[in-house]
Amino acid sequence: QVQVVESGGGLVQPGGSLRLSCAASGSIGSIAGMGWYRQAPGKQRAMVATITRAGNANYADSVRGRFTISRDNAKNTVYLQMNRLKFEDTAVYYCATNSRLGGSYTTWGQGTQVTVSS
């Protein structure tokens, strides 16, 4: 089994930046994709960005150009650099992994709160 733990959330002003980290442990050899999802109050969980082991990234339209996902396979860690944050980026951010390309994300972290407020 795989376990993931997120860190790096917090309170930031609009236009600011935050960097989230997610460290994986356990059966790390089984991890294919890693990604970030978020859930805002009253909304469904939605994909933010995903990245394959080879480094191919995919972004939601709402964050493309502002957020960057990266992955360090040696450290079994995925990062989400969030720049030019907006009020609407406020959400709980979850790290997730899957075990095959295009497969469902089945391992989830506990989430980390990101609040954008002035």
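Relevant structure appears above.
These lines cover the structure that appears in this document, whether it is placed above or below.

Criteria and cut-off values
Residues numbered from 1 in each chain as written. Predicted model: local features only at pLDDT ≥ 70, side-chain atom pairs only at ≥ 80, totals over all residues. Heavy atoms only, no water. Helix = DSSP H or I, 4+ residues; strand = E, 2+ residues; numbered from the N terminus. Rg over C-alpha atoms; globule rule 2.2 N^0.38 Å. Buried < 20%, exposed > 50% of the residue type's maximum accessible area, 1.4 Å probe, protein only. Contact = heavy atoms within 4.5 Å. Core = buried A, V, L, I, M, F, W, Y, C linked by side-chain atoms within 4.5 Å.

### Some words on the overall build of the protein
Part 1 of the reasoning: For the protein, the count of helices and strands is zero helices and eleven strands.
Part 2 of the reasoning: From first element to last, N terminus to C terminus, the protein shows the α and β order β-β-β-β-β-β-β-β-β-β-β.
Part 3 of the reasoning: Compactness check: the protein gives a C-alpha radius of gyration of 13 Å against a globular reference of 13 Å for 118 residues, within 12% of the reference.
Part 4 of the reasoning: Taken along its principal axes, the extent of the C-alpha atoms in the protein is 40 × 25 × 25 Å.
Part 5 of the reasoning: Put simply, the protein has 118 residues, and 45% of those count as buried.
Part 6 of the reasoning: Here the contacts in the protein between residues at least 6 apart in sequence split such that 54% fall between residues at least 24 apart.

### A look at the nonpolar core
Part 1 of the reasoning: Within the largest apolar cluster, 28 residues are counted, with the highest numbers of intra-cluster contacts made by Trp36, Leu80, Met82 and Tyr93.
Part 2 of the reasoning: Elements that contribute at least two residues to this core include exactly β1 (2-7), β3 (18-26), β4 (34-39), β5 (46-51), β7 (67-72), β8 (77-82), β9 (91-97) and β11 (112-116).
Part 3 of the reasoning: Here the element with the most residues in this core is β3; it accounts for four residues.
Part 4 of the reasoning: Other than its neighbours up to four places away in sequence, Leu80 contacts Leu18, Arg19, Leu20, Trp36, Val48, Ala49, Phe67, Thr68, Ile69 and Tyr93.

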